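Residue-level structure breakdown
For reference, the chains in residue letters:
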Amino acid sequence: MARARVEQPPATGMTLVVMVGLSIAFLLFIAFLNVVKNGNILSEANLLYAALVFYAGAGALYLGFGVTGTESYIKFASVATWAGLVANTGAVAHRWYEAGHPPFASLYEMLLSFVWTLAALTLVAEKRYGVKVIGTVTMPVAIVGVVLMQLLRSDVRPLVPALQSTWLHVHVTLAMLAYAACALSFALAMMFLIQDKAKTEVFLAATSIFTVSIYAAILSRFERWGGFNVIAWDAENKTEVFISRGVRLFVTIPDLGWLMLLVFAAVAAPLVFYILATVRNNEGFLSVANRAVFISILLQSLALVFFLLRARDGRYPSLDADGLYPTSLAASPFILAGLVGGIFANLLYLLLLWRRDDLESHLPDADTLDRITYKTICIAFPLLTLMIAAGAYWANRAWGSYWNWDPKETWAAITWLVYAGYLHMRITRGWRGRRAAYFAILGFGVVMFTFFGVTYLLPGLHAYA
Amino acid sequence: MALSLRSAFRKIWLTLSSVKTGVILIILVVIFSAAGTVILQRPITDPDDIQRAYSPAMLRFLDATGLTDVFHARWFVALMIMVSLSIIAASVERFPNAWRFFSRPYKSPDDNFRRVLPTQARIAVANEGVGLDAADRAFKHFGWKSEHIVRTSNFSLFSERHRISEMAVYIVHASLLLIFLGGIVDALYGWKGYLMLTPGSASNQVELKSGAMRGLPFSIRCDGAGEETYKDGTPKKYWSKLAVVKGGKEMSSKEIVVNDPLVFSGVRFYQTNYGRTGKLDKLLVSVTPGKDVKGEKREISLSMNEIVALDADTKVQLAEFIPDYVVQDGHVYARSNDVVNPAAHLIVTSEKTNKVVNVWFPEIPGIAENESSPYILEPKDLKTEVFTGLEVSHEPGQWAVWCGVVLMAIALTFVFYVVHTRFWVLPITDDEGCTMLWIGGSANRNRDAFEVTFKRLVDQVQRELKPAFAATDKPAASVSRTTIAGG
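About the cut-offs
- Residues numbered from 1 in each chain as written.
- Chains lettered and ligands numbered in written order.
- Predicted model: local features only at pLDDT ≥ 70, side-chain atom pairs only at ≥ 80, totals over all residues.
- Heavy atoms only, no water.
- Helix = DSSP H or I, 4+ residues; strand = E, 2+ residues; numbered from the N terminus.
- Buried < 20%, exposed > 50% of the residue type's maximum accessible area, 1.4 Å probe, protein only.
- Axes fitted to C-alpha atoms, helices over the stretch in contact; angles between N-to-C directions.
- Parallel < 35°, antiparallel > 145°, perpendicular 65-115°, else oblique.
- Left-handed = near helix turned anticlockwise from the far one by under 90°.
- Contact = heavy atoms within 4.5 Å.
- Nonpolar A, V, L, I, M, F, W, Y, C, P; charged D, E, K, R; others polar.
- Buried area = accessible area lost by both parts, 1.4 Å probe.
- Salt bridge = Lys/Arg side-chain N within 4 Å of Asp/Glu carboxyl O.
- Polar contact = N/O pair within 3.5 Å; in protein donor to acceptor, adjacent residues only side chain to side chain.
- Pairing = 2+ DSSP bridges.
- Phe/Tyr/Trp six-rings, centres within 6.5 Å; stacked < 30°, edge-to-face > 60°.
- Lys NZ or Arg CZ within 6 Å of the ring centre and 35° of its normal.
- Core = buried A, V, L, I, M, F, W, Y, C linked by side-chain atoms within 4.5 Å.
- Patch = residues over 30% accessible without salt bridge, like charges linked within 9 Å, V, L, I, M, F, W, Y side chains within 5 Å.
- Areas by Shrake-Rupley, 256 points an atom, 1.4 Å probe, with all protein chains shown as cover.
- Disulfide = S-S within 2.5 Å.
- pLDDT = per-residue confidence, 0-100.

In this section: the environment of A265 of chain A. All names here are of chain A. For A265, the location among the structural elements is in helix 9 (residues 256-280). Look at A265 and you get partly exposed, because its relative accessible area is 44%. Along the sequence, A265 and S296 sit 31 residues apart, while their C-alpha atoms lie 8.7 Å from each other.

Here it is, written out as structure tokens:
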């Protein structure tokens, strides 16, 4: 009986490395065949594709390390991250050369720079501070970023007059650095919570709330009779269809709304069981909640697949105009990112549940993690300050006012205030450890809302990105 | 009574200066600012859009509470004042202590201090002089300055770096107040307005946001304006040539573009708008003599109401220009001011015969008499008048804002990256009567890195001691206790 176990290869697991290596090689080979057909090897799309492949490989290996704890995975994961970073650098350089300005002018270009900074910082955190599993969190973020980029408008558009300023580059460089530092502090705070033996229930609650809020936001597109609204998309011009100035045309995909409602119930279930467990003080509900997470992942994947199938280049009726209008995945990048993000968050939770103790032995001790989290915020905060200042100075040159209470400005100030609050509590009140970690996570949430949420939900003067 | 009043005041003061109050105020600012970005705001939203978005009762409530204009509401201003007061109170409350610490550095540690200092070490030495000399050399080795402190009871060494770092946090808060001050000055004495000019015209009247007009002590003349586009039609550049005229003299001139305004005596002129007024600038007409007239074919250029002689007898006048015309019941009307469907009305008069001919471009049936004109007139080119829209602003407080920003950036660097470190070296006699060199150190932040530095210093002192005092029977005891408090 015992012998059977021993005979299994003791988690040296070259299998995963070989598999990941083979799939990278396969994907690159397929891509190469395509390239041979089309001629141009070093186009931006190809470089980005290579970066995606390498990042995905690195992500798989980092995850593999998280699950099996095999040290050798980390080396290969680092190599893959390096390769991805090189390809990513190539894409950035290509873009820069093509456009004649640094890639900061649209959301696509900002994501390109953001992913690059994130990958670079991951390597820094790994080599300099020895936080090896950080790639488990940052690589999937990078992957989602690159996937989003495939869907966003990527054509080089000339700079409109308001953007023709040196301050654009100063402002955006600072923003990217600050946001990447915030992302890193978030990942480190998560690692801290694992190392600090925060109960897995806390993570269960956090991931459930995250997913529930994603589906709550998605359900704002729910239409009568179970339809689901997505933006109509003009495939030829790759732009949204507008009824009149500033008013988007939505098309209704039938029945998809019901599915989203079902998944919403499924992702809410773990949260309900968690609340029941805390209120009734009954541990039994927790194991039910964990099983519900598993089911919700399956249903979320189902929702993703159906969304992919239905929203990809279909034609659907609209409530506001006659006739059938086409839509495309590119029309709803943020729904797609939300669906992928939800699945990813829940998978991370499952990973945590399965590999808890081993993971802890591979992390620096809690004190170190706490300190590095604080250090990254010490880097992020002055950068945020300078980013806001550069933006204000630029606004003063372009629009004649350094502060307009524009949504983007206001949310940048809110981000700054949240981190200012963190620093005050930490320095004067001695907030350490878990409370500081929650604060760091909250801060990153606000950063992400400022970056993406404000652009899509609260557009104002800052309409470029 | 007086006492209780004072104690009440003291209590309010202490509450105001506490970090808790500061953080609560931060949270309130965050909540209300967030509300201000989610709820539609009056100054930037079309009134109709707000009407449509909220029910009348809801809108009344939002208006009454100022939630439709959060950032200009009185209570928001009051909140910002509270934040400022809290910063001032907190700084005033803590500053004297910090200043004492800063202005009178603690150079000679007493027994009590030595007992509680977390980072310290002892090294056995032959005598005081040898030990202090070695420590002196060790400081020199690292390039740190050290001071010899002479007290009645003992000699000791003191070395410190970056004392300014203790003050940095106050500078950060002061710079924030400076930024607020700039904002307040601009809110009180600054103004913003709009000025529309057509090339060739000049004005000194700025229309403020409130609708009132404000006169400038000088006028602005526009000498030209234009736009450039990329190949795909997206705008590339808007420009205006502006000149400042005062008392008939040109004081300053500049070609402004978006992102590069003209500044004159504290007033800034920004390129914000560009378009066509719908009026005619120049109409180019080709003139071909008719059957009855002699002469050569030529081109003339006409501006509004201008009369041009075609020959000794015949004159032509540009009487009307309609940018977007429509014909109804035998009359020509203007539909809009956009130059999309233009029509021009010319009057050709012959003095001898007293004949008046109405020429229309294009030839509008029933109205135009183009056929009977002695000259055949044909439109060649049309230049319509453009206008440039200038945002005008006066922000006397902005310099305080920029000073505050620069100051804050510098001070933040000091807060996070410059560490105030202090070292004390003191010869002591331990319980067994041996002479020891007591070395103590402290840092105001980043203590982990400091522990390493301290260890290196102690090692260096030992190395410096070796030639003089090779055979130490007692190894150095480095005592390090890290405390929880502090950052």
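From this point on, the discussion continues.
On to the packing of helix 14 (residues 407-429) of chain A against helix 2 (residues 19-38) of chain B, then. The geometry of helix 14 of chain A relative to helix 2 of chain B is characterised by a closest axis approach of 10 Å and an angle of 165° between their N-to-C directions. Taken together, the axis directions place helix 14 of chain A and helix 2 of chain B in an arrangement best described as roughly antiparallel. In the packing of helix 14 of chain A onto helix 2 of chain B, the handedness of the crossing is left-handed. From helix 14 of chain A, P407, T410, W411, I414, L417, G421, H424, M425, T428 and R429 of chain A reach across to helix 2 of chain B, where they touch V19, K20, V23, I26, V29, V30, S33, A34 and T37 of chain B. The residue makeup of the contact of helix 14 of chain A with helix 2 of chain B, split by class, is 11 nonpolar, 6 polar and 2 charged.

The next point concerns the interface of chain A and chain B. Where interface size is quoted, it is often the accessible area lost as the parts come together. Tallying the contact residues gives 43 residues for chain A and 48 residues for chain B. Between chain A and chain B lies a buried interface of about 3,800 Å² when both sides are counted; carbon and sulfur atoms form 66% of it. The interface formed by chain A and chain B contains 1 salt bridge. We note a salt bridge from D260 of chain B to R397 of chain A, for which the minimum N-O separation is 3.5 Å. Linking chain A to chain B there are 7 residue pairs in polar contact (both at pLDDT 80 or more). Put simply, the parts of the chain that give the side of chain A that touches chain B at least two residues each are helix 13 (366-398) and helix 14 of chain A. Looking at which element gives the most residues to the side of chain A that touches chain B, the answer is helix 13 of chain A, with 15 residues.

All names here are of chain B. The omega torsion of the bond from F361 to P362 falls at -10°, within 30 degrees of zero and hence cis. Summarising the element assignment, P362 is placed in the loop between strand 17 (355-361) and strand 18 (375-394). Unlike most non-glycine residues, H162 shows phi in positive territory, near 55°. Inspection of the secondary structure assignment puts H162 in the loop between strand 3 (155-161) and helix 8 (168-189). Phi at S265 takes a positive value of approximately 40°, unusual for a residue other than glycine. Looking at the secondary structure, you find S265 in the loop between strand 9 (262-264) and strand 10 (267-289). For S265, a relative accessible area of 56% corresponds to the exposed category.

This part is about the pairing of strand 15 (residues 331-334) of chain B. All names here are of chain B. In the sheet, strand 14 (residues 325-328) pairs with strand 15 via 4 bridges, with the strands oriented antiparallel. In the strand pairing of strand 15, V326 is matched with Y333. Counting the residues between successive antiparallel strands, the hairpin from strand 14 to strand 15 contains 2 residues, one of them, D329, with a positive phi of roughly 50°.

Quick look at the packing of aromatic side chains now. The geometry of two aromatic rings is summed up by the distance between their centres and the angle between their planes. Counted according to the given criterion, the structure contains 38 aromatic pairs over all chains. Summarising the aromatic geometry, the rings of Y106 of chain B and W424 of chain B are spaced 6.5 Å apart at their centres and angled 70° between planes, so their arrangement reads as edge-to-face. One end of the pair, Y106 of chain B, is in the loop between helix 5 (74-103) and helix 6 (111-116); the other, W424 of chain B, is in strand 19 (residues 421-429), and 318 residues separate them in sequence. Owing to a relative accessible area of 27%, Y106 of chain B belongs among the partly exposed residues under this scheme. In this structure W424 of chain B comes out as buried when scored by relative accessible area, which is 0%. Linked through ring pairs, W403 and W405 of chain A together with F32, F71, W75 and F76 of chain B together constitute an aromatic cluster. Between R114 of chain B and the ring centre of W438 of chain B, over which it is positioned, the NZ or CZ distance is 5.6 Å. In this structure, R163 of chain B is placed above the aromatic ring of F102 of chain B, and the distance from its NZ or CZ to the ring centre is 5.7 Å.

This part covers the pairing of strand 7 (residues 235-246) of chain B. All names here are of chain B. Across 10 bridges, strand 6 (residues 213-229) lies against strand 7 in antiparallel orientation. When the bridges of strand 7 are listed, S219 appears paired with V245. In this structure, the hairpin formed by strand 6 and strand 7 is closed by a connection of 5 residues, where G233 is found at a positive phi of approximately 95°. Examined bridge by bridge, strand 7 and strand 8 (residues 249-257) share 8 bridges and lie antiparallel to one another. In the strand pairing of strand 8, L242 is matched with K254.

Residue and element names in this part refer to chain A. With 135 residues, the main nonpolar core has Y55, M149, Y179, F381, W416, Y419 and F451 as its most contacted residues. Element by element, the count of residues in this core is highest for helix 7 (residues 166-195), at 19 residues. Once you skip the residues sitting within four places of it in the chain, F451 turns out to touch L107, M110, F114, M176, Y179 and K408. Counting residues in hydrophobic clusters, the runner-up holds 31 residues, among them L151, Y215, L256 and V267.

Residue and element names in this part refer to chain A. Strand order across the open sheet formed by 3 strands is 1-2-7, with antiparallel pairing between neighbours. Where the open sheet ends on each side, the last strands, each with one partner, are strand 1 (222-223) and strand 7 (250-253). Bridging between strand 2 (residues 227-231) and strand 7 involves 4 bridges; their strand directions are antiparallel. From the neighbouring strand, V230 faces strand 7, where its bridge partner is V251.

Once that is clear, we can look at the pattern of salt bridges. Throughout the structure, instances matching the rule amount to 19 salt bridges over all chains. We note a salt bridge from D370 of chain A to R426 of chain A, for which the minimum N-O separation is 3.1 Å. You can see D370 of chain A sitting in helix 13 and its partner R426 of chain A sitting in helix 14, a full 56 residues away along the chain. Comparing D370 of chain A with R426 of chain A shows no difference in burial state: the two are buried. Its salt-bridge partner being E250 of chain B, residue R221 of chain B comes within 3.1 Å of it at the nearest N-O pair. Here the residue R221 of chain B occupies a position in strand 6, and E250 of chain B occupies one in strand 8, the gap between them amounting to 29 residues. With relative accessibility at 46%, the residue E250 of chain B sits in the partly exposed group. Taken together, the shared-partner salt bridges in this structure form one network comprising R397 of chain A together with K254 and D260 of chain B.

Attention now goes to a nonpolar patch on the surface. Together, V77, I81, M82, L85, I88 and V92 of chain B make up an exposed nonpolar region whose accessible area comes to about 470 Å². Relative to the assigned elements, M82 of chain B resides in helix 5.

Here we come to the side chain of S296 of chain A. All names here are of chain A. The topology assignment puts S296 in helix 10 (residues 284-311). Assessed through its relative accessible area of 1%, S296 is described here as buried. Excluding residues within four positions of it along the chain, S296 makes contact with A266, V267 and N346.

Take the state of the cysteines next. Simply put, the disulfide is a covalent bond whose two ends are the sulfur atoms of two cysteines. All names here are of chain A. Applying the stated criterion across every chain yields a total of 0 disulfides over all chains. There is no disulfide at C182, and the cysteine sulfur nearest it, in C378, is 12 Å away. Overall, C182 belongs to the buried group, its relative accessible area being 0%.

So, on to the confidence of the model for chain A. Residue and element names in this part refer to chain A. For chain A, per-residue confidence averages 80 on the pLDDT scale, and 85% of positions sit at 70 or higher. Mean pLDDT per element in chain A: helix 1 (residues 2-7) is the minimum at 38, and helix 9 is the maximum at 90. pLDDT under 50 marks residues 1-12. Its contacts with residues more than four places away, or in other chains, come to 5 contacts.

Turning our attention to the sheet that holds strand 17 of chain B. All names here are of chain B. Strand order in the open sheet made by the 4 strands is 12-13-16-17, with antiparallel pairing throughout. Lying at the two open borders of the sheet, with one neighbouring strand each, are strand 12 (307-309) and strand 17. If you compare each strand with its neighbour and ignore which way they point, the axes differ by 25° on average. Relative to strand 13 (residues 314-322), strand 12 runs antiparallel, the two being bridged by 3 bridges.

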